[in-house]
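This is what each chain is made of:
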Amino acid sequence: KAGVTQTPRYLIKTRGQQVTLSCSPISGHRSVSWYQQTPGQGLQFLFEYFSETQRNKGNFPGRFSGRQFSNSRSEMNVSTLELGDSALYLCASSESGQLYNEQFFGPGTRLTVL
Amino acid sequence: DQQVKQNSPSLSVQEGRISILNCDYTNSMFDYFLWYKKYPAEGPTFLISISSIKDKNEDGRFTVFLNKSAKHLSLHIVPSQPGDSAVYFCAASDLQTGANNLFFGTGTRLTVIP
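Position numbers for residues count from 1 along each chain, tracking the sequence in the order it is written. By the order in which they are written, chains take letters starting at A while ligands take numbers starting at 1. Totals for whole chains, interfaces and linings use every residue, but because this is a predicted model, local features are given only for residues with pLDDT of at least 70 and side-chain atom pairs only at 80 or more, for both listing and counting. For the side-chain quantities, the full set of heavy atoms in the structure was used; hydrogens and water were omitted.

## Some words on the overall build of chain A
Secondary structure counts use DSSP, requiring at least four H or I residues in a row for a helix and at least two E residues in a row for a strand, with both numbered from the N terminus. Per the secondary structure count, chain A includes zero helices and 11 strands. Each helix and strand of chain A, placed in order from N terminus to C terminus, yields the pattern β-β-β-β-β-β-β-β-β-β-β. C-alpha atoms define the radius of gyration in this analysis, and the globule rule sets the expected value at 2.2 Å times the number of residues to the power 0.38. Expected size for 114 residues packed as a compact globule is a radius of gyration near 13 Å; at 13 Å, chain A falls within 12% of this value. Within chain A, the fraction of its 114 residues that count as buried is 49%. Classification of residues uses two cut-offs on accessible area relative to the type maximum, computed with a 1.4 Å probe and protein chains only: under 20% is buried, over 50% is exposed, and between them is partly exposed.

Structure representation (structure tokens):
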């Protein structure tokens, strides 16, 4: 089985712009979660999508949004970028997320905001 | 507010010896705990987990211990191998908040010296 893939792997944007990141989960996995990793804060949960619905949300401002398509692929959007949004964005997929299924992480998208 | 803390940012151990990585948490609602390993330019990889109804879980060279009264867990690696050199994250979740909403520590960088 192919692993979780994320595109693009690297991205450079300027303040005020918006960005869309993509995540393709492992085939058959219906839950996709997004995390932000920064040196000071570690990995922080952004949100989770399951069957095209946002099931869970972390403490991030509304500039961070996401969606999931019928094939379980997910996108994350950040609008009005700030310097502090520079981070590694990771997505993780799991089978159902009903119980404690193992989450498989992608390699991440490194976003740099100038 | 960091609900999961890894107070040692780094640890160096000789090959063949025991590595002990520690993690503390503050939220008594957490009922599932995980350890992930992360190599550079890769996403975190699941290592081992433990439910709050247990106090120990073993998988080969890896053992996780949970002390609920102290809100502390530890990962033991015996014997340590150079390939174990990576950043280790502990994570926690509770079903009420969401099984896939993982709260991560900031990581401990383990270096195993040959």
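Let's pick the thread back up.
## Here's the deal with the pairing of strand β7 (residues 64–68) of chain A
Residues and elements named next belong to chain A. Two strands pair when backbone bridges link them, and β7 and strand β8 (residues 74–78) are joined in this way by five bridges, in the antiparallel orientation. Note on β8: the bridge partner recorded for Gly66 is Met76. Linking β7 back to β8 in an antiparallel pair, the connection comprises five residues, with Ser72 at a positive phi of about 75°. Strands pair, by our definition, only if DSSP identifies at least two bridges between them.

## Quick notes on the sheet that holds β7(A)
Residues and elements named next belong to chain A. With antiparallel pairing, four strands are arranged side by side in an open sheet as β1-β3-β8-β7. The two strands at the open ends of the sheet, each matched to only one other strand, are β1 (5–7) and β7. Direction aside, neighbouring strands of the sheet carry axes that sit 20° apart on average. Helix axes are fitted to C-alpha atoms over the stretch in contact, other axes to C-alpha atoms as well, and angles between N-to-C directions run from 0 to 180 degrees.

## Describing the interface of chain A and chain B
Often the size quoted for an interface is simply the accessible area lost on bringing the parts together. Any two residues having at least one pair of non-hydrogen atoms within 4.5 Å are treated as being in contact. With 26 residues of chain A at the interface, the matching set in chain B holds 23 residues. What counts as buried area is the accessible surface, traced by a 1.4 Å probe, that two parts surrender upon association, with contributions from both included. Around 1800 Å² of area is buried between chain A and chain B when both sides are counted, 54% of it from carbon and sulfur atoms. Any carboxyl oxygen of Asp or Glu within 4 Å of a side-chain nitrogen of Lys or Arg constitutes a salt bridge here. Counting every contact that joins chain A to chain B gives zero salt bridges. By the criterion applied in these results, polar contacts are pairs of N or O atoms within 3.5 Å in which, for protein atoms, one can donate a hydrogen and the other can accept it, and in which residues neighboring in sequence qualify only through two side-chain atoms. Across the chain A-chain B interface, the total number found is four residue pairs in polar contact (both at pLDDT 80 or more). Under the grouping applied here, Gly and all other residues not named as nonpolar or charged are polar, the nonpolar ones being Ala, Val, Leu, Ile, Met, Phe, Trp, Tyr, Cys and Pro and the charged ones Asp, Glu, Lys and Arg. Residues belonging to the side of chain A that touches chain B are distributed by class as follows: nine nonpolar, 13 polar and four charged.

## Description of the nonpolar core
The biggest cluster of nonpolar side chains holds 23 residues, and the ones touching the most others in it are Phe33(B), Trp35(B), Leu73(B), Leu75(B) and Tyr88(B). Put simply, the parts of the chain that give this core at least two residues each are β3 (19–25), β4 (32–38), β5 (45–51), β7 (62–67), β8 (72–77), β9 (86–93) and β11 (108–113) of chain B. In terms of residue count, β9(B) provides more of this core than any other element does, four residues in total. Residues enter a nonpolar core if they are buried and are Ala, Val, Leu, Ile, Met, Phe, Trp, Tyr or Cys, with the set joined through side-chain atoms within 4.5 Å. Grouped together as the second largest cluster of nonpolar side chains are 21 residues, Leu11(A), Tyr49(A), Phe60(A) and Met76(A) included.

## Here we look at the state of the cysteines
Linking two cysteines covalently via their sulfur atoms produces the bond known as a disulfide. In what follows, a disulfide is any cysteine sulfur pair within 2.5 Å. Applying the stated rule across the entire model yields two disulfides over all chains. The disulfide partner of Cys23(A) is Cys91(A), and the gap between their sulfur atoms is 1.8 Å. Given an S-S torsion of about 65°, the disulfide between Cys23(A) and Cys91(A) has right-handed geometry. Residue Cys23(A) is found in strand β3 (residues 19–24), and its partner Cys91(A) is found in strand β9 (residues 87–94); the two are separated by 68 residues along the sequence. Like Cys23(A), the residue Cys91(A) is buried in the burial classification. Covalent S-S linkage joins Cys23(B) and Cys90(B), the inter-sulfur distance amounting to 1.8 Å.

## Topic: the pairing of β3(A)
Here is the key point about a regular strand: its side chains alternate between the two faces of the sheet. All names here are of chain A. In terms of strand pairing, β1 meets β3 through three bridges, oriented antiparallel. Across the sheet, residue Thr5 finds its bridge partner in β3, namely Ser24. Judged from the five bridges that link them, β3 and β8 form a sheet pairing that is antiparallel. Residue pairing across strands places Leu21 opposite Met76, the latter belonging to β8.

## Points about the packing of aromatic side chains
Between 30 and 60 degrees the pair is tilted, below 30 it is stacked and above 60 it is edge-to-face, where a pair is any two Phe, Tyr or Trp rings, Trp via its six-membered ring, whose centres lie within 6.5 Å. Here the structure, examined in full by the defined rule, presents 14 aromatic pairs over all chains. The interplanar angle of 85° and the centroid separation of 5.3 Å between the aromatic rings of Phe105(A) and Tyr36(B) together place this pair among those described as edge-to-face. Highlighted residues: Phe105(A) in strand β10 (residues 104–105) and Tyr36(B) in strand β4, drawn from two different chains. Across this residue pair, the class does not change: Phe105(A) and Tyr36(B) are buried. Residues Phe30(B) and Phe103(B) carry aromatic rings whose centres are separated by 5.3 Å and whose planes lie at 45° to one another, so their mutual orientation is tilted. With a gap of 73 residues between them, Phe30(B) in the loop between β3 and β4 and Phe103(B) in strand β10 (residues 103–104) connect regions that are remote in the sequence. Site record: aromatic cluster; members linked through ring pairs are Tyr35(A), Phe45(A), Phe105(A), Tyr36(B), Phe46(B), Phe89(B) and Phe104(B). Remark: a charge is flagged as sitting over a ring if the NZ atom of Lys or the CZ atom of Arg is within 6 Å of the ring centre and within 35 degrees of the ring normal. Here the basic side chain of Arg55(A) rests over the ring of Phe50(A), its NZ or CZ set 4.2 Å away from the ring centre.

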